[in-house]
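# Remarks on the overall topology
Spelled out, the chains give:
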Amino acid sequence: MSDVELVLRSTRVITPEGTRPASVAVAAGKITAVLPYDAGVPSGARLEDLGDDVLLPGLVDTHVHVNDPGRTEWEGFWTATRAAAAGGITTLVDMPLNSLPPTTTVDHLRVKRKTAADKAHVDVGFWGGALPGNTGDLRPLHEAGVFGFKAFLSPSGVDEFPHLEQDQLARSLAEIASFGGLLIVHAEDPHHLDAAPQRGGPRYADFLASRPRDAEDTAIARLINQARRLDARVHVLHLSSADALPLIAEARRDGVRITVETCPHYLTLTAEEVPDGASEFKCCPPIREAANQDLLWQALADGTVDCVVTDHSPSTADLKTDDFATAWGGISGLQLSLAAVWTEARRRGHGLEDVVRWMSTRTAELVGLGQKGAIEAGRDADFAVLAPDAAFTVDPAALQHRNRVTAYAGRTLHGVVRSTWLRGERIYSDGEFTGPKGRLLTRAGRLPTDDERQT
């Protein structure tokens, strides 16, 4: 204990064994011990007494569209990672599309890393992309350290990232399975989407009808069949259709290696409350009805749905027109995700331990970040300090997102992030930020900094 530099003490520390009073010792950016609350502070160590605020592991958000480089007017690493820090997120994994170039080759990955290197306030990793015709790029990307590969089964909304037809999916998945990789999938069937009524205009009911549940259900069923046939590992992104839950549960019982995420907006917002013309609520798949939401919460509780991620997908305000057919589809949620989920979770009888499991532990496990996702010895000293009973009203002007369009505007949420810590350094506190302290992560660890390369 002589090398301990910092001790964080709270009456409520969320650990893998439960919530308890504790003192957490930190040295060289790592948790060295979780001690009794009244343990002595080692000589030379600094004590941070958090009182009754809750100390929880920093959140790990594995589904973020940073859009940098190429569409930095939509977002960017500086703004996205500041928003993450303000929301208690200490690690994010960036999606391969909506940036230019998309992360579909090793050269494109290098561009992305160079762009992010000096702008990251939190740790950042990267997904690769699986496109028609880039099967030969998948293994090199895997070896370069991406955490897996994203594919669309229906049009992505950007021309530079086309979707996979079923035969292309089979080829990409076979290649990814050959080196033990992970395919993460936007699962909507294009034929069901084409067959659905397509009416433009401001009515949310018309937009909802254009993205029916059976589009998700069919795509997920086909993905399960491919994964079963190839013994491949797959992950369903942003599940919104509760009708697919029995398919997923059955596949797991059969030994199919499938995991599933959902998002704060599916868990906290409902179709019944979306105003016509309010395309800040537009996302694909869409926000569905309250009864569907109830089933998603049940699936989180029983483990059919593994984790909760933001799918932060911002755009400039002018792209959020009042025509649901043409407006950009995406919800900005990085800064508000913890508070939004906690507000609804507490109403439904869930505890903060559940939220930590869904938004930190299981997301870290999904991408193999064994050093993240829990407060225990040997892990990175990444923390969020939360006042769980404090409430605030969402003011878009207070958001760190580059474009402050939000579906949560005016909502009262519970859970105020007092401070956020990355490897034992306080990077956010009561609205104030340090400079960028984040590192670039790979499956095998992290990339060396420029200073480290020169020594």
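Owing to the predicted nature of the structure, the values given are computational and were not obtained by experimental measurement.

### Focus: the state of the cysteines
Put plainly, a disulfide is one covalent bond tying together the sulfur atoms of two cysteines. Counted by the stated rule, this structure contains zero disulfides. For the unlinked cysteine Cys284, the closest cysteine sulfur is that of Cys283, found at 6.8 Å. Between Cys307, a cysteine without a disulfide, and Cys263, which holds the nearest cysteine sulfur, the sulfur-to-sulfur distance is 9.1 Å. For Cys307, a relative accessible area of 2% gives the class buried.

### Observations regarding the pattern of salt bridges
With the rule as written, the count across this model stands at 32 salt bridges. The salt bridge involving Arg213 is made with Asp243; its shortest N-O contact spans 3.2 Å. Linking Arg213 in helix α7 (residues 213–230) with Asp243 in the loop between β12 (233–236) and α8 (245–253), this pair joins segments that are 30 residues apart in sequence. Overall, the relative accessible area of 24% leaves Arg213 in the partly exposed class. The residue Lys372 makes a salt bridge to Asp382 at a minimum N-O spacing of 2.7 Å. In this pair, Lys372 is assigned in the loop between α12 (352–366) and β15 (383–393) and Asp382 in the loop between α12 and β15, connecting sequence segments 10 residues apart. Considered together, Lys372 and Asp382 belong to a single accessibility category, that of buried residues. Through salt bridges with shared partners, one network takes in Lys30, Asp123, Lys372, Asp380, Asp382 and Arg423.

### Some remarks on the environment of Glu273
Along the chain, Glu273 turns up in the loop between α9 (264–268) and α10 (290–302). Glu273 sits in the partly exposed class, given a relative accessible area of 34%. For the pair Glu273 and Ala290, spaced 17 residues apart in sequence, the C-alpha separation works out to 9.4 Å. Once residues within four sequence positions are removed from consideration, Glu273 is found in contact with Thr268 and Arg411. Within the structure, Glu273 has its side chain in polar contact with the backbone nitrogen of Thr270 (distance 2.7 Å).

### Thoughts on the nonpolar core
With 101 residues, the main nonpolar core has Phe149, Leu183, Leu239 and Val355 as its most contacted residues. Apart from the residues lying within four places of it in its own chain, the contact partners of Leu183 are Ala130, Phe149, Ala151, Leu169, Leu173, Ile176, Arg233, Val234 and His235. Counting residues in each nonpolar core, the second largest holds 20 residues, with Val60, Val93, Phe161 and Leu366 among its members.

### What to know about the packing of aromatic side chains
A full pass over the atoms with the stated rule returns nine aromatic pairs. Judged by centre distance (5.7 Å) and plane angle (20°), the ring pair of Phe207 and Phe324 falls under stacked. With a gap of 117 residues between them, Phe207 in helix α6 (residues 204–210) and Phe324 in the loop between β14 (307–308) and α11 (337–347) connect regions that are remote in the sequence. Of the residues examined, Phe207 reaches a relative accessible area of 5% and is grouped as buried. A relative accessible area of 1% places Phe324 in the buried class. One aromatic cluster in this structure is built from Tyr204, Phe207 and Phe324.

### Considerations on unusual backbone geometry
Looking along the chain, the bond that leaves Leu100 and enters Pro101 is cis, with omega of 5°. Its place among the elements puts Pro101 in the loop between β7 (89–94) and α2 (106–116). Cys284 connects to Pro285 through a cis peptide bond whose omega is -5°. Mapped onto the elements of the fold, Pro285 is located in the loop between α9 and α10. A positive phi angle, close to 75°, is found at Asn98, a residue other than glycine. In this structure, Asp430 is a non-glycine residue whose phi angle is positive, near 50°. Positionally, Asp430 belongs in the loop between β17 (425–429) and β18 (432–433). Take Asp430: its relative accessible area is 58%, and that puts it in the exposed class.

So, how was this worked out
Residues numbered from 1 in each chain as written. Predicted model: local features only at pLDDT ≥ 70, side-chain atom pairs only at ≥ 80, totals over all residues. Heavy atoms only, no water. Disulfide = S-S within 2.5 Å. Buried < 20%, exposed > 50% of the residue type's maximum accessible area, 1.4 Å probe, protein only. Salt bridge = Lys/Arg side-chain N within 4 Å of Asp/Glu carboxyl O. Helix = DSSP H or I, 4+ residues; strand = E, 2+ residues; numbered from the N terminus. Contact = heavy atoms within 4.5 Å. Polar contact = N/O pair within 3.5 Å; in protein donor to acceptor, adjacent residues only side chain to side chain. Core = buried A, V, L, I, M, F, W, Y, C linked by side-chain atoms within 4.5 Å. Phe/Tyr/Trp six-rings, centres within 6.5 Å; stacked < 30°, edge-to-face > 60°.

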